[in-house]
Amino acid sequence: MTTSSGTLITVAPTGAELAKHDVPQLPTTLDELVATAVACEAAGASLIHLHIRDAEHRPTLDGGYLSAAVQALREATDLVVQLSTGGSVHDPLAARLTVLDAEPDSCSLTCGTTNFGDDVFLNPWGFMSDLYVQAQEREVVPEFELFDLGHVWSLRRLLDTHGLPYGGKVHVDFVTGVPGGMPGTPEALYAGVQALPAEVTSWSATGIGRAHLPILAAALAGGGHLRVGMEDNIMFARGQQVQHNSELVSRAAELAATMQRPAMSTDAARELLGIRDRRPPRPAR
Ligand code: KMH
Ligand code: ZN
């Protein structure tokens, strides 16, 4: 794994856990998502990790909603569009596999079951394996979500069993600080980084809640990339809620620039991740 000169900034704007009535500024409608994506791209994001909500703002895996979002974001931005296959803890495994029908550029692939607060986020081997193979067949690049150290070994098993993902790159994202997963500490993050298989070409990290800033700083210091967004953290500072995802992206981009690894372009992100270019032809913006 070589340390990249730029920083991939992923924005995860919505997630499946927060309720719109609790956090009204959470982008849940298609118009809000598109406006968020445009602002976050301008602020330095190159990849968007998407959970989609229905007309009642509830998490949905409905193919119509997912396809509409993928298409709208491709038309409005150059961002790499990644759909969550994790969904919400209540989504059945079979429905989570259908996410690929919406033809995203990338999909999340969590490498193991984890306790998730009072719930269980289910990712048995058979599901991971099916998702991996279907993503290969559909030329969708998986991002391996590692919530715990043991997930690194499940990634090893996926690579040994099925070979490299489509595009030949292996990008992982450490999701730290979920109650039940690895703690959001630099020590835990670096233990995971040190255990990564040699095939891994890049890694990013995010810290849930209070772990947001320590993990952001540790990821930058350790040569990793960044994920930010209201899916993971809604506090910008003590007593100050995030009003727009772009605030988090801007701050991450400023820190990355200070660390001499400025936010990378969407083209550089596509190359880093081995993404097939599905962008529609259009006049230069
Ligand atoms: N909502 C969590 C249960 C993913 O997007 O792949 C799972 C999650 C991971 O957010
Ligand atoms: Zn997610």
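Below or above, wherever it landed, is the structure these notes cover. None of these values were measured; they are calculated from a predicted model.

Cut-offs used in this document
- Residues numbered from 1 in each chain as written.
- Chains lettered and ligands numbered in written order.
- Predicted model: local features only at pLDDT ≥ 70, side-chain atom pairs only at ≥ 80, totals over all residues.
- Heavy atoms only, no water.
- Salt bridge = Lys/Arg side-chain N within 4 Å of Asp/Glu carboxyl O.
- Buried < 20%, exposed > 50% of the residue type's maximum accessible area, 1.4 Å probe, protein only.
- Donors = N, O, S within 2.8 Å, 3.2 Å for Na, K, Ca; no water.
- Helix = DSSP H or I, 4+ residues; strand = E, 2+ residues; numbered from the N terminus.
- Right-handed = clockwise from strand over helix to strand, strands pointing away.
- Pairing = 2+ DSSP bridges.
- Axes fitted to C-alpha atoms, helices over the stretch in contact; angles between N-to-C directions.
- Parallel < 35°, antiparallel > 145°, perpendicular 65-115°, else oblique.
- Left-handed = near helix turned anticlockwise from the far one by under 90°.
- Contact = heavy atoms within 4.5 Å.
- Nonpolar A, V, L, I, M, F, W, Y, C, P; charged D, E, K, R; others polar.

1. Let's talk about the pattern of salt bridges
- Scanning all chains against the criterion turns up 15 salt bridges.
- Note that Arg 58 and Glu 56 form a salt bridge whose closest N and O atoms lie 3.3 Å from each other.
- Glu 231 is paired through a salt bridge with Arg 227; the nearest N and O atoms lie 3.3 Å apart. Here Glu 231 and Arg 227 have matching classes, each one buried.

2. Re the coordination of the zinc ion (ligand 2)
- At the metal site, the zinc ion (ligand 2) is ligated by His 49 (NE2), His 51 (NE2) and Glu 231 (OE), and these contacts range over 2.1 Å.
- On the primary sequence, the residues serving as donors to the zinc ion (ligand 2) are separated as H-x1-H-x179-E. One end of the pair, His 49, is in strand E2 (residues 47-50); the other, Glu 231, is in the loop between strand E12 (225-228) and strand E13 (235-237), with 182 residues separating them in the sequence.
- The class of His 49 is buried, set by a relative accessible area of 3%.

3. As for the pairing of strand E10 (residues 171-176)
- With six of six residues buried, E10 is to be regarded as a mostly interior element.
- Crossover connection from strand E9 (residues 141-146) via helix H5 (residues 150-162) to parallel E10: handedness right-handed.
- By the bridge criterion, six bridges tie E10 to strand E11 (residues 202-207) in an arrangement that is parallel. Within E11, the position partnered with Phe 174 by the bridge is Ala 205.
- A crossover connection joins E10 to the parallel E11 through helix H6 (residues 186-195); in handedness this β-α-β unit is right-handed.

4. Looking at the packing of helix H1 (residues 30-43) against helix H8 (residues 245-258)
- Two numbers describe how H1 lies on H8: the axes approach to 8 Å, and their chain directions differ by 15 degrees. Taken together, H1 and H8 sit at an angle that is classed as roughly parallel. In this structure, H1 crosses over H8, and the sense of that crossing is right-handed. Residue-level inspection shows Thr 36, Ala 39, Cys 40 and Ala 43 of H1 in contact with H8, the latter providing Asn 245, Ser 246, Val 249, Ser 250 and Ala 253.
- In terms of residue class, the contact of H1 with H8 is made up of five nonpolar, four polar and no charged.

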